Amino acid sequence: LVSTDIGMAELSGDRFVPVSVDEFLAARGHRPWVGLKAALPKDAIEYSLPMNGDQFAVANKSTMLVFRNETILARLTVGAEISGSRIQTIFADREGVLWIGTNAGLVRWAKGNVERFPITDPLSTASILAVMEDSEGNLWVGTETGGLDSLRDQRFRTIDTRDGLTSDRVTTVVED
């Protein structure tokens, strides 16, 4: 599944085809949720992803919702529970933790709680553009001006132009 600025698309054979949120949910055994449409209008959904078990997260630029079946477990809003003024990416890791990247920092949502990084950590205020977990469970975070951060063994390491990157703007992270 790919989320773009004009909607979602799914790989079908050798090409991407547009897919609605309802089609995406139905293909995964979920029925369209009335609560989702009421809480976050379908045309406003920018990001969507399945989580562990029967949980699902959707977001637009200002609000993220976490559902279990048709029940809203969490509603997180930028400027309130989430720092910044715009959600730029969301990612669910293998443990079901949600990582929310905004224009003003990275936060995690785990077990019903929002966790912010200490203000001394550069990721607490960086503009986050991409989050990815590799096959070994390491978290990779791409930032707008601070390079690439790797979380391994509960410690972040920054990789930037001094380490060989051609730019400190990292918009996408994939594992090869």
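Scroll up to find the structure.
Residues numbered from 1 in each chain as written. Predicted model: local features only at pLDDT ≥ 70, side-chain atom pairs only at ≥ 80, totals over all residues. Heavy atoms only, no water.

### Looking at the overall build of the chain
Reasoning step 1: The secondary structure content of the chain amounts to two helices and 15 strands.
Reasoning step 2: Counting all 176 residues of the chain, 45% fall into the buried class.
Reasoning step 3: If you take every contact in the chain between residues at least 6 apart in sequence, the share linking residues at least 24 apart comes to 34%.
Reasoning step 4: Of the accessible surface of the chain, which amounts to about 9700 Å², a share of 48% is contributed by carbon and sulfur atoms. (Helix = DSSP H or I, 4+ residues; strand = E, 2+ residues; numbered from the N terminus. Buried < 20%, exposed > 50% of the residue type's maximum accessible area, 1.4 Å probe, protein only. Contact = heavy atoms within 4.5 Å. Areas by Shrake-Rupley, 256 points an atom, 1.4 Å probe, with all protein chains shown as cover.)

### Looking at the layout of surface pockets
Reasoning step 1: Here the second largest pocket defines a volume of roughly 410 Å³.
Reasoning step 2: Looking at the second largest pocket, it is lined by 17 residues, and the ones nearest its centre are Asp93, Trp99, Arg108, Gly137 and Leu151.
Reasoning step 3: Those elements that place two or more of their residues in the lining of the second largest pocket are β11 (113–116) and β14 (148–152). (1 Å grid on protein atoms, 1.4 Å probe; cavity = no way out; pocket = protein on both sides within 12 Å on 5 of 7 lines; lining within 4 Å. Points joined across faces, edges and corners; volume = space filled by probe spheres on them.)

### Some words on the nonpolar core
In globular proteins that are soluble, nonpolar side chains generally tend to be buried together.
Reasoning step 1: If you look at the biggest cluster of nonpolar residues, it comprises 18 residues, and the most contacted ones within it are Met64, Val66, Ile87, Ile90, Leu98, Ile100 and Trp109.
Reasoning step 2: Counting residues per element, this core draws most heavily on strand β8 (residues 87–92), which supplies three residues.
Reasoning step 3: Aside from chain neighbours lying at most four places away, what touches Ile87 is Tyr47, Ala59, Asn60, Lys61, Ser62, Thr63, Met64, Val78, Ile82, Ile100, Gly101 and Thr102.
Reasoning step 4: Core analysis: the next-biggest nonpolar cluster, separate from the first, contains 13 residues, Phe91, Leu106, Ala110 and Leu123 among them. (Core = buried A, V, L, I, M, F, W, Y, C linked by side-chain atoms within 4.5 Å.)

### Structural notes on the sheet that holds β11
Reasoning step 1: Taking strand neighbours across the sheet as the criterion, the four strands line up as β8-β9-β10-β11 in an open arrangement whose pairing is antiparallel. Of all the strands in the sheet, just β8 and β11 have a single pairing partner and so form its edges. Within the sheet, the average angular offset between the axes of one strand and its neighbour, ignoring direction, is 25°. (Pairing = 2+ DSSP bridges. Axes fitted to C-alpha atoms, helices over the stretch in contact; angles between N-to-C directions.)

### A look at the sheet that holds strand β12 (residues 128–133)
Reasoning step 1: Spatially, the four strands line up as an open sheet ordered β12-β13-β14-β15, and their pairing is antiparallel. The open sheet has two edge strands with one neighbour each: β12 and β15 (155–159). Within this sheet the neighbouring strands show an average axis-to-axis angle of 20°, counted without direction.
Reasoning step 2: Relative to β14, strand β13 (residues 139–143) runs antiparallel, the two sharing four bridges. In the strand pairing of β14, Trp140 is matched with Ser150.

### Brief notes about the environment of Ser62
Reasoning step 1: Within the secondary structure, Ser62 sits in the loop between β5 (55–59) and β6 (63–68).
Reasoning step 2: With 16 residues separating them along the chain, Ser62 and Val78 place their C-alpha atoms 5.4 Å apart.
Reasoning step 3: Filtering out sequence-adjacent residues up to four positions away, Ser62 remains in contact with Leu76, Thr77, Val78 and Ile87.

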